[in-house]
Amino acid sequence: EVLSRNHLEKAMSSSFRSNVLKAIEETNELNLAEAKEFLSSNELVEIVLNSYKDNVHLHQIVSIPLVIFNLPQCGIEGGPFRSSSLLTTTRRAPWIKQGSNTPEAFLLSFESMYSEFKRMN
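Predicted model only: the values in this text are computed from it and were never measured. (Residues numbered from 1 in each chain as written. Predicted model: local features only at pLDDT ≥ 70, side-chain atom pairs only at ≥ 80, totals over all residues. Heavy atoms only, no water.)

Colleague: Could you clarify how one ought to interpret the layout of surface pockets in this entry?
Modeller: Summary: where empty space remains is shown by rolling a probe the size of a single water molecule over the atoms. Space inside the largest pocket adds up to approximately 770 Å³. If you list the elements that add at least two residues to the lining of the largest pocket, you get α1 (2-9), α3 (32-40) and α4 (45-58). If one sorts the elements of the lining of the largest pocket by residue count, α4 sits on top with 6 residues. In terms of residue class, the lining of the largest pocket is built from 13 nonpolar, 8 polar and 1 charged. (1 Å grid on protein atoms, 1.4 Å probe; cavity = no way out; pocket = protein on both sides within 12 Å on 5 of 7 lines; lining within 4 Å. Points joined across faces, edges and corners; volume = space filled by probe spheres on them. Helix = DSSP H or I, 4+ residues; strand = E, 2+ residues; numbered from the N terminus. Nonpolar A, V, L, I, M, F, W, Y, C, P; charged D, E, K, R; others polar.)

Colleague: Help me understand the packing of helix α2 (residues 17-27) against α3 in this model?
Modeller: For any two helices packed against each other, the geometry is given by the interaxial angle and the distance between the axes. Orientation of α2 relative to α3, taken along the N-to-C sense of each, is 155°, at an axis distance of 10 Å. Between α2 and α3, the angle is such that the two are roughly antiparallel. Judged by the twist between their axes, the crossing of α2 over α3 is right-handed. Contacts between α2 and α3 involve R17, V20, L21, I24 and E25 on the former and, on the latter, L32, A35, K36, L39 and S40. (Axes fitted to C-alpha atoms, helices over the stretch in contact; angles between N-to-C directions. Parallel < 35°, antiparallel > 145°, perpendicular 65-115°, else oblique. Left-handed = near helix turned anticlockwise from the far one by under 90°. Contact = heavy atoms within 4.5 Å.)

Take a look at the structure:
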């Protein structure tokens with residue numbers, strides 16, 4: 001849980017050994033020396049690599065998702081998966097966030113959407 005939270009909310013990539021060890025230290029649930037030894041081994045490498053291959057080839061997941069917030073009630077629609085005709089008829093671009101953004105970044109978008117909605121209605 002700590003590793004995921006740090007990765008997704010604090011932009012501390014889980015691919016860095018130092019971040020993994022920091023998360024282990026924060027939890028006090030694993031032996032740090034044993035964790036360092038495990039990370040220095042090749043144990044589970046094949047399983048992890050196969051999982052990545054499955055994500056790309058079997059599940060077609062190739063990147064962190066985009067989250068696109070449209071507000072059609074205010075004439076705000078668009079994004080990379082919408083008709084290009086919307087680009088010329090919308091008042092402004094929608095709010096687009098990468099799924100890995102911080103909670104604060106999403107909150108700013110929600111507050112902006114709410115302000116826009118109140119202003120237009």
